[in-house]
Each structure stands twice: as structure tokens, then as C-alpha cells.
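# Structural features, examined
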Amino acid sequence: MNWEVISQYLPLYQKAMWLTLRIGWMGIAFSIIIGLICALIVHYKIPVARQIVKIYIELFRNTPLLVQLFIIFYGLPSVGIMLDAFPAAVIAFAFNEGAYCAETMRGALE
């Protein structure tokens, strides 16, 4: 094993680690907020919003995260919404995990 090569690329690994942690923590924070709002809407049976939230939950729980990332990053520019990679990743993680959090919190409320 060549330790010189590893030490040469160590700053890139550190930068990637901090980027991953930032995306993860921001995604988790937003997903908890999204999940709580959706769980309350479903639990209190708000008529139209409940149906929209159920569609959102089923859509995001039943599609792979990688597909959601591709749609948000590559698909939204076709409708005029341009996002950089960082916000696109945070949004995808937040919406994906928000759907799972909504079901977990809804179950806890019931």
C-alpha cells in the first residue's frame, strides 16, 4: 500500500466527509419538520391536505432515493427550476426521509 498516495488525497477525503455530514444533518432536520407536519395532517384528517399528503408519502416511499435524486437534479431544469448539486441533494433526502418520518410519527400519534 502506497501511503504517499493516500496522504496526497487525504484533504479531498476530509472535504468529502464534511460535505456528506452537512447534507445528512440538513436532510435530517428538514425531514423531521416535513414528517411532523404530514403526520399531523393525516392524524387530524384535514380533508384535501390529507389526500395530498398520502399521495406524497406513497410516492416518496415507493421510489428509490437515487431515482428521486435524478428527477430533482436532472428533471427539474426541464420545467425551469435550476438547482445546484448541494440543495438538490438536501431536498431529495429531506423529502424521502420526510415520508418515512411522517409514517413513523403518525403511528406514534395513533
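Look above for the structure.
Sequence positions are assigned chain by chain, starting from 1 and proceeding in written order. Residues qualify for local features only when their pLDDT is at least 70, as the model is predicted, and side-chain atom pairs are given and counted only at 80 or more; totals for whole chains, interfaces and linings, by contrast, use all residues. Note that the side-chain values use all heavy atoms of the structure and ignore hydrogens as well as water.

## Looking at the packing of aromatic side chains
- Aromatic rings from Phe, Tyr and Trp, with only the six-membered ring used for Trp, were paired whenever their centres fell within 6.5 Å, and each pair was classed as stacked if the ring planes differed by under 30 degrees, edge-to-face if by over 60, and tilted otherwise. Enumeration according to the criterion identifies five aromatic pairs in this entry.
- With 5.7 Å between their ring centres and 50 degrees between their planes, Phe60 and Phe95 make a pair best called tilted. Placement of the pair is Phe60 in helix H2 (residues 47-61) and Phe95 in helix H4 (residues 85-109), with a sequence separation of 35 residues.
- The interplanar angle of 25 degrees and the centroid separation of 5.7 Å between the aromatic rings of Phe70 and Tyr74 together place this pair among those described as stacked. Taken together, the residues Phe70 and Tyr74, both in helix H3 (residues 65-75) and four residues apart, mark about one turn of the helix.
- Buried, partly exposed and exposed residues are distinguished by accessible area as a fraction of the type maximum, computed with a 1.4 Å probe on protein chains only: under 20%, between the cut-offs, and over 50%, respectively. Of the residues examined, Phe70 reaches a relative accessible area of 45% and is grouped as partly exposed.
- A connected cluster of aromatic rings, assembled from ring pairs, spans Tyr56, Phe60 and Phe95.
- Only when the NZ of Lys or the CZ of Arg is both within 6 Å of the ring centre and within 35 degrees of the ring normal is a charge said to sit over the ring. Its guanidinium or amino end placed over the ring of Phe86, Arg22 lies 4.6 Å from that ring's centre, counting from NZ or CZ. Strands here are runs of E lasting at least two residues and helices are runs of H or I lasting at least four, both read from the DSSP assignment and numbered beginning at the N terminus.

## Some thoughts on H2
- By definition here, a helix of n residues has an expected span of 1.5 Å times n minus one. If you check H2, its first and last C-alpha atoms are 22 Å apart, about what 15 residues at 1.5 Å a residue would give, namely 21 Å.
- Among all positions in H2, only Val53, Tyr56, Ile57 and Phe60 are buried. All buried residues of H2 project into a common sector of 95 degrees when viewed along the axis, lining one side. Those residues of H2 that are exposed and angled more than 90 degrees off the buried face are Pro47, Val48 and Ile55.
- Against the buried residues of H2 lie helix H1 (3-43), H3 and H4. Note that the arc is computed from the directions linking the helix axis to the C-beta atoms. We call two residues in contact when some of their heavy atoms are within 4.5 Å.

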